[in-house]
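Structural overview
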Amino acid sequence: MNQLIGGDGNDVVVVRGQDSANGGIGNDTVIVAANGTTVLAGGANADVLRFDNNYDISAAAVSGFETVELNYGQTMTVAQLGSFAVHTGTSISQTSTGVTLSAGGTATINAAATLSGTFAIAYSAQADNLTFNAAYAGNVSLNGNGGNDSVTSGA
Ligand SMILES: [Ca+2]
Ligand SMILES: [Ca+2]
């Protein structure tokens, strides 16, 4: 396990295996490039958590990220999904995304305008209650998996 700590500048940190990463001060980008990450911390300022592929971060302690750049089917908890202020794709040309939820809860998804295609959600076995922001104009594809689930488009 490696402990990766960014300095005060704008850092790009790539986490693999059971790494822990903290961007520190500055507008940092932390790239998830493996399963099993333990700590993902953006730190101060405006930070991005980017998924290099469909990895599972559900066991990681996630904090301090303002934006998440989603791939097409990464796994996380509802609480983690709701911890980001902006949800977007990994590139400007990506219009669809998907997420597999490993534990339930309540969250708001603030999908960026670039996500105009399909947002596919595989629910966890618990109750998953998601609300999309009012500006989201894409489709939502749902795959239920037990629990009393709901999805709401913003007012
Ligand atoms: Ca930094
Ligand atoms: Ca931050």
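Just so we're clear, the structure is a prediction, and the values are computed from it rather than from any experiment. (Residues numbered from 1 in each chain as written. Chains lettered and ligands numbered in written order. Predicted model: local features only at pLDDT ≥ 70, side-chain atom pairs only at ≥ 80, totals over all residues.)

1. Comments concerning the overall build of the chain
Stated precisely, the cut-off is as follows: Secondary structure follows DSSP: runs of H or I at least 4 residues long count as helices, runs of E at least 2 residues long count as strands, and numbering of each begins at the N terminus. Counts of 20 or more other C-beta atoms within 10 Å of a residue's own C-beta define buried residues, counts of 12 or fewer define exposed ones, and intermediate counts define partly exposed ones; C-beta atoms are placed from the backbone.
Scanning the chain for helices and strands turns up 1 helix and 16 strands. The principal-axis extent of the C-alpha atoms belonging to the chain is close to 40 × 30 × 20 Å. When each of the 155 residues of the chain is scored for burial, the buried share is 35%.

2. Remarks on the nonpolar core
What counts is decided by this rule: Note on definitions: a nonpolar core is a set of buried residues drawn from Ala, Val, Leu, Ile, Met, Phe, Trp, Tyr and Cys, linked by C-beta atoms within 7 Å. Each domain's limits were defined by an automated method or a database of domain assignments. What counts as a contact here is a pair of residues whose C-beta atoms, placed from the backbone, lie within 7 Å.
Membership of the largest hydrophobic core comes to 31 residues, with the highest contact counts inside it found for Leu40, Leu49 and Ile57. Elements with a minimum of two residues in this core: β2 (12–15), β4 (29–32), β5 (39–41), β6 (48–51), β8 (67–70), α1 (78–81), β11 (97–101) and β13 (118–122). Per-element accounting of this core gives the leading share, 3 residues, to β6. Counting only domains with at least three residues in this core, you end up with domain 1 (1–65) and domain 2 (70–148). Once residues lying within four places of it in the same chain are set aside, the contact partners of Leu40 are Val15, Ala21, Val30, Leu49, Ile57, Ala60 and Val62.

3. Regarding the domain arrangement of the chain
Here is the rule we go by: Gly falls in the polar group here, along with every residue not listed as nonpolar (Ala, Val, Leu, Ile, Met, Phe, Trp, Tyr, Cys, Pro) or charged (Asp, Glu, Lys, Arg).
If you check the domain split of the chain, you get domain 1 (1–65) and domain 2 (70–148). If you look at the interface, domain 1 gives 10 residues, while domain 2 gives 14 residues. For the side of domain 1 that touches domain 2, a count of residues per class yields 5 nonpolar, 3 polar and 2 charged.

4. Let's talk about the sheet that holds β2
For clarity, the cut-off: Only strands joined by at least two bridges in the DSSP assignment are considered to pair. Only C-alpha atoms enter the line fits that serve as axes; for helices the fit covers just the stretch in contact. Angles between N-to-C directions range over 0 to 180 degrees.
Strands sit in the order β2-β4-β6-β8-β10 across an open sheet of 5 strands; the sheet is parallel. Each end of this open sheet is capped by a strand with a single partner; those strands are β2 and β10 (86–89). In this sheet, adjacent strand axes meet at a mean angle of 20° when their direction is disregarded.

5. Concerning unusual backbone geometry
Even without being glycine, Asn45 reaches a positive phi, approximately 75°. Here Asn45 is to be found in the loop between β5 and β6. Looking at Asn45, the number of C-beta atoms within 10 Å reads 15, which means it is partly exposed.

6. Focus: the environment of Ile31
Mapped onto the fold, Ile31 is located in strand β4. Separated by 19 residues in sequence, Ile31 and Val12 place their C-alpha atoms 7.4 Å apart. Look past the residues within four positions of Ile31 in its chain and what remains in contact with it is Val12, Val13, Val14, Val15, Arg50 and Asp52.

7. A word on the environment of Ser93
Relative to the elements of secondary structure, Ser93 occurs in the loop between β10 and β11. Sequence spacing of Ser93 and Ala125 is 32 residues, and the spatial spacing of their C-alpha atoms is 32 Å.

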